[in-house]
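# Architecture and fold: a report
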Amino acid sequence: TSRPPVCRIMDYGKYKYEQKKKAGKPAHSATLKEIKLRPGTDQHDLNFKLNNVRRFLMDGDKVKVTVMFRGREMVHTARGRAQLVEVTKQLGPIAKTENPPRMEGRFMSMILIGDREVIADIKRKEEAEKALLAQETETDASATEEAAPAMAKAAEKAEKDEGQGAEEEAVS
């Protein structure tokens, strides 16, 4: 405590309002994002969609992966199930299956959630890489700053040499 005691005069109603507003901000709640595939979705398109799934999982969202069947594709539901299994393989340790693949009419879907521990490790590694990269660029910048005076002297010397060469040509 301070001597003498310090007192601040304030609007108590405003203070209570600000405290209520601060307490009302919830942390990021997991929203459900959906990615739709077809049984014939090609590998490149699948990889592109999986990059979005990774981003959603890293942000703390749940992801519903849905395979849509049309017409005669309903006969080949095994291809859709294989595609969903492939999705879980490619996502690796980042994703855990909350609901396994199941048919709902013409759609086969499953819900994935992010593995918090693995995601936290990945974020720590990314932060370490950014710090290392920033340190390297800082070191490179300081090295160029140190080399700048020497380079300026060398440029001046080169200009003098060129000037002398021009004078010699003019004399002859």
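Numbering of residues starts from 1 in each chain and follows the order in which that chain's sequence is written. With pLDDT at 70 or above as the cut-off, local features in this predicted model cover only qualifying residues; side-chain atom pairs require 80 or more to be listed or tallied, and sums for whole chains, interfaces and linings still use all residues. The side-chain figures draw on all heavy atoms in the structure; neither hydrogens nor water molecules are used.

### Here we look at the sheet that holds strand E4 (residues 107-114)
What makes two strands pair is DSSP finding at least two bridges between them. Every helix listed is a DSSP run of H or I at least four residues long, and every strand listed is a run of E at least two residues long, numbered separately from the N terminus. Ordered by their spatial adjacency, 4 strands build an open sheet running E1-E2-E4-E3, and the pairing between neighbours is mixed. For this open sheet the edge positions go to strand E1 (32-37) and strand E3 (95-104), each flanked by a neighbour on one side alone. Neighbouring strand axes in the sheet, compared pairwise and without regard to direction, differ in orientation by 20 degrees on average. Pairing between E3 and E4: 7 bridges, direction antiparallel. Bridge pairing in E4 links Thr97 to Leu112. Against the sheet, helix H2 (residues 43-58) contacts E1, strand E2 (62-68), E3 and E4, and its axis sits at roughly 170 degrees relative to E1. In the packing of helix H3 (residues 77-91) onto the sheet, contacts are made with E1, E2, E3 and E4, and the angle to E4 comes to roughly 10 degrees. As a rule, the C-alpha atoms of each element are fitted with a line to give its axis, helices using only the stretch in contact, and angles between N-to-C directions run from 0 to 180 degrees. Residue contacts are counted whenever heavy atoms from the two residues lie within 4.5 Å of one another.

### Things to note about the nonpolar core
Core analysis: the biggest nonpolar cluster contains 21 residues, and Val65, Val87 and Leu91 have the highest contact counts within it. For this core, the elements supplying multiple residues, two or more each, are E1, H2, E2, H3 and E4. Broken down by element, the residue count for this core peaks at 6 residues, all from H2. Setting aside residues no more than four positions away along its own chain, Val65 makes contact with Ile35, Leu37, Leu84, Val87, Met108, Ser109, Met110 and Leu112. We define the nonpolar core as a collection of buried residues of types Ala, Val, Leu, Ile, Met, Phe, Trp, Tyr and Cys that are connected through side-chain atoms lying within 4.5 Å of one another. Residue burial is assigned from relative accessible area. The probe radius is 1.4 Å, only protein chains are included, and a residue is buried under 20% of its type maximum, exposed over 50%, and partly exposed in between.

### As for H2
Residue count minus one, scaled by 1.5 Å, sets the expected span of a helix. The end-to-end C-alpha separation of H2 is 22 Å, in line with the 22 Å expected for 16 residues at 1.5 Å each. For H2, the complete set of buried residues consists of Leu46, Leu50, Val53, Phe56, Leu57 and Met58.

### A few points about the confidence of the model for the protein
Per-residue confidence from the predictor is reported as pLDDT, a score between 0 and 100. Confidence in the prediction for the protein averages 84 pLDDT; 83% of positions are at 70 or higher. Mean pLDDT values over the elements of the protein span from 74, in helix H4 (residues 116-171), up to 94, in E2.

### Description of the packing of H2 against H3
To characterise two packed helices, one gives the angle between the axes of the helices and the distance between these axes. Two elements in contact, H2 and H3, have axes whose closest approach is 11 Å; the angle formed by their N-to-C orientations is 55 degrees. The pairing of H2 with H3 is recorded here as oblique in orientation. As for the relative orientation of H2 and H3, their crossing is right-handed in sense. Contact with H2, carried on its side by Gln43, Leu46, Asn47, Leu50, Val53, Arg54 and Leu57, involves Gln83, Glu86, Val87, Gln90 and Leu91 of H3 and no other residues of that element. Along the lines of polarity and charge, the residues of the contact of H2 with H3 split into 6 nonpolar, 4 polar and 2 charged. If an angle is under 35 degrees, it is roughly parallel; if it is over 145, roughly antiparallel; if it lies from 65 to 115, roughly perpendicular; otherwise it is oblique. Handedness of a crossing follows from how the near helix is turned relative to the far one, being left-handed for an anticlockwise turn of less than a right angle and right-handed for a clockwise one. Asp, Glu, Lys and Arg are counted as charged, while Ala, Val, Leu, Ile, Met, Phe, Trp, Tyr, Cys and Pro are counted as nonpolar; the rest, among them Gly, fall into the polar class.

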